[in-house]
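# Breakdown of the fold
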Amino acid sequence: MSAKPPSVVIRLGSHAEKEYVLKLQSLLDGIIVGANLFEASPGATASLIRRMARGSCVYFIDPMTYAFGTYKDRDGALRDDLDWIKSDQQINKQENQKEKDQKTETVRDFKRSYRALSEKIGFPLNESIRRKRAVHPSDLTSDDALAEFCHAVAHYQTTRLSSVLQQDELLAKLFARAPSLAADLPSPAAVFAPYFYNEPTTAAEWASLNIRLMKATAKLNLRLPVHGIVSADVSHLDDPTFLRILRTELPKTGISGIWLWFSRFLEDQAPTEQLTAFGQLVADLSKSLAVYNLHGGFLSLALSSLGLTGISHGVGYGEQKDVIPVIGQSTPTVRFYLPPLRKRQGVLEIERCFKALGIASPEDFHAKVCDCVVCRGVVVKSLADFSTFGELHISTPQSKRPAQTPAAAKRCRFHFLLTRLAERDWVREASGAAIVRALDEAFETWGKQPTLVSQSQHLPRWGSALEGKTRKAST
Amino acid sequence: MTFRSERQLLDPVSAFLARQRFPIQDAEIPFYESRIDLYGYSEDQHLTLAVELKLKNWQRALKQALLYQLCSDLTYIAMPLAATRNVDRELLAAQGIGLIGVGDSGRCRVLVPAELSPETRSHYKEAYVAFLKGRSG
């Protein structure tokens, strides 16, 4: 990974997204893959990591252990039934149960990927599957059991790539003939300690367990850096006690990096107080640790001026993530990432601003909106070309509403990724004051447009959070 | 008549606009992620008109109407007459967006006239004109 922060690590949500990371491999700092994705498609994931982890592009495996913990659902009920790692599955009926036309039945059972992960890690994940009950802090009171768990999770991350590749007959023969090839397989850039969501009603217990997990993993004396993940509700950014625990305890764990994940922390909607609290936490932790935002956007990138090392997010979304799973959501439209606003917007809201901002030609568009390769290839003959970013079609005869065409979604994703990488490069060189100035300028121009007024209010909040923090950090 | 749904505003507004030389019309026309409640075309003036129907929330209607200015020459918000009292008419006028009040009897009145939109993009407008002309045969 590049020595100069911030780095951008792309989180792979599915193999349908591999096209994006493969095309941008030489520009990315890294990729992060969930262990559940690895277990869902081991061969494809291992092959992708092998292709991606070259040069300065590194990889991480998120062990996803939090998925075996508890959470509060949207109705406020504390859930420990592990339902969210289950799915409705079609199974063949027993012979004696067969009916005339129904040979299968639907049962709700654990997803194969999580079941496989639990089998590879062992206790306490396998036990939670067997009992159909989430892991509780009380399951890990024994230091020996906890150390065993940490060892298994670390072992999984360091060996999963080679073990999958060894199962490929051709590769196994090749490795047997040339062991150095096997030895040259890339290792993850860091090993994550197991982690669980700091469920707000029992956050102190979870925080204590998570810190013990980090300490135990750091004690394994791995030849790789050990990182931790803090997964907590956004409300904890308003909780000085919780933040104090992080500030005082994380540096003592022996890990070298921490990835922050405040569930439902939407950078563009969060009040200044939360943005400031987040920035202060980054500034404090970065004195002794490499600090990342696991699901971050532009503000997090800008917080590199306060010490943030990097961010990760998905290829077309994922700059925030709710720890509570969203079930049954339709495919969202991939909106156009508007670089001056550092935020996605509808094509029409943007197009409505062109005249007032003196954008009358493709050249103006490239100068004032975006000049990435995608935009230069799309907005060519006239400004009307811009509308192709929002192209719609009726995807199936049954569709009631038009949906974004796959081509338009792809354009928006590539444009977003290229813009994000350009932002990274710019932030690496820009001063905190220059970033704040750019946000102010965008607010004074784009933020005054009637279709974007309400969508631009984050800009001054970001500016003041960065300014306040910049001043504090320098004193 | 008390209007309980936006749909109830459609017929009186549609008839009113037909009398204003916008006889070629269609309702619920998709425009990217939204749907234009009523879109009309005046062949002799070669002008198009879009209407957002709302019972109460005029600010939300304004957001929609601002976008419709991209595809229509004239854009109106139509509301029950009683609800128009709360509308910031100066703000609408400043954006060139018109306001139609629909009385309980169904009688429509232009309270703020729409202005020709400087924002209209021919690539959107012409596509809708062709669509409406095709439908009207």
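Residues numbered from 1 in each chain as written. Chains lettered and ligands numbered in written order. Predicted model: local features only at pLDDT ≥ 70, side-chain atom pairs only at ≥ 80, totals over all residues. Heavy atoms only, no water.

## A few points about the sheet that holds strand β2 (residues 34-42) of chain B
Residue and element names in this part refer to chain B. Strand order in the open sheet made by the six strands is β1-β2-β3-β4-β5-β6, with mixed pairing throughout. On the outer flanks of this sheet lie β1 (24-31) and β6 (108-112), each paired with one strand and no other. Each adjacent strand pair in this sheet contributes to an overall mean axis angle of 30°, direction not counted. Here helix α1 (residues 7-19) sits on the sheet and contacts β1, β2, β3 (47-53), β4 (74-80), β5 (98-102) and β6; the angle it forms with β3, its principal contact strand, is near 155°. Against the sheet, helix α2 (residues 58-68) touches β1, β2, β3 and β4, its axis set at about 160° to β4. (Pairing = 2+ DSSP bridges. Helix = DSSP H or I, 4+ residues; strand = E, 2+ residues; numbered from the N terminus. Axes fitted to C-alpha atoms, helices over the stretch in contact; angles between N-to-C directions. Contact = heavy atoms within 4.5 Å.)

## Re α1 of chain B
The periodicity of an α-helix, 3.6 residues per turn, causes residues three or four places apart in sequence to face the same way. Residue and element names in this part refer to chain B. Regarding α1, the residues found buried are Leu-9, Leu-10, Pro-12, Val-13, Ser-14, Phe-16 and Leu-17. Where α1 is buried, its residues meet β1, β2, β3, β4, β5 and β6. Backbone geometry just downstream of α1 places Arg-21 in the positive-phi region, at approximately 75°. (Buried < 20%, exposed > 50% of the residue type's maximum accessible area, 1.4 Å probe, protein only.)

## Focus on the confidence of the model for chain A
In this model, chain A carries an average pLDDT of 92, and 94% of its residues clear a pLDDT of 70 or more. Predicted confidence is poor over residues 470-475 of chain A, with pLDDT under 50, and the contacts of this stretch with residues over four places away or in other chains come to three contacts. (pLDDT = per-residue confidence, 0-100.)

## Comments concerning the pairing of β2 of chain B
Residue and element names in this part refer to chain B. In terms of burial, β2 is largely enclosed, as eight of its nine residues are buried. Pairing of β1 with β2 involves seven bridges; the strand directions are antiparallel. The partner of Asp-26 across the bridge, within β2, is Tyr-39. Hairpin connection from β1 to β2: two residues lie between these consecutive antiparallel strands, with Tyr-32 at a positive phi of about 55°. Relative to β3, β2 runs antiparallel, the two sharing five bridges. Residue pairing in the sheet places Tyr-39 in a bridge with Ala-50 of β3. The hairpin turn running from β2 into β3, its antiparallel successor, is four residues long, and His-46 in that turn takes a positive phi close to 50°.

## So, the side chain of Asp-29 of chain A
Residue and element names in this part refer to chain A. Mapping Asp-29 onto the fold places it in the loop between α1 (18-23) and β2 (30-34). Given the relative accessible area of 3%, Asp-29 is considered buried. A polar atom in the side chain of Asp-29 sits 2.9 Å from the side chain of Arg-424. Reaching out from Asp-29, the side chain makes a polar contact with the side chain of Arg-428 at a distance of 3.3 Å. (Polar contact = N/O pair within 3.5 Å; in protein donor to acceptor, adjacent residues only side chain to side chain.)

## Considering the pattern of salt bridges
Residue and element names in this part refer to chain A. Applying the stated rule across the entire model yields 38 salt bridges over all chains. Among the ionic pairs, Arg-108 bridges to Asp-83, the shortest N-O distance being 2.7 Å. Separated by 25 residues along the polypeptide, Arg-108 in strand β7 (residues 104-110) and Asp-83 in the loop between β5 (78-79) and β6 (86-92) bring together distant segments of the chain. Looking at Asp-83, the relative accessible area reads 18%, which means it is buried. Linking Arg-411 and Glu-391 is a salt bridge whose minimum nitrogen-to-oxygen distance equals 3.6 Å. Separated by 20 residues along the polypeptide, Arg-411 in helix α16 (residues 406-429) and Glu-391 in the loop between α15 (373-378) and β16 (392-393) bring together distant segments of the chain. Residue Glu-391 is classed as partly exposed on the basis of its relative accessible area, which comes to 30%. Among the charged side chains, a network of salt bridges with common partners joins Asp-73, Arg-79, Asp-81, Asp-83, Asp-88 and Arg-108. (Salt bridge = Lys/Arg side-chain N within 4 Å of Asp/Glu carboxyl O.)

## Section: the environment of Asp-238 of chain A
Along the polypeptide, Asp-238 of chain A turns up in the loop between β10 (226-233) and α10 (240-249). Sequence separation between Asp-238 of chain A and Gly-358 of chain A is 120 residues, and the spatial gap between their C-alpha atoms is 42 Å.

## What to know about the interface of chain A and chain B
Facing 20 residues of chain A, the contacting portion of chain B comprises 16 residues. When chain A packs against chain B, the two sides together hide about 1600 Å² of surface, and 53% of this comes from carbon and sulfur. Looking at the side of chain A facing chain B, the largest losses of area belong to Leu-348, Arg-352 and Lys-355 of chain A, adding up to 39% of the total buried there. Note that Glu-33 of chain B and Arg-335 of chain A form a salt bridge whose closest N and O atoms lie 3.3 Å from each other. In terms of residue count, helix α13 (residues 347-351) of chain A provides more of the side of chain A that touches chain B than any other element does, four residues in total. A breakdown of the residues in the side of chain A that touches chain B according to their chemical character gives seven nonpolar, five polar and eight charged. (Buried area = accessible area lost by both parts, 1.4 Å probe. Nonpolar A, V, L, I, M, F, W, Y, C, P; charged D, E, K, R; others polar.)

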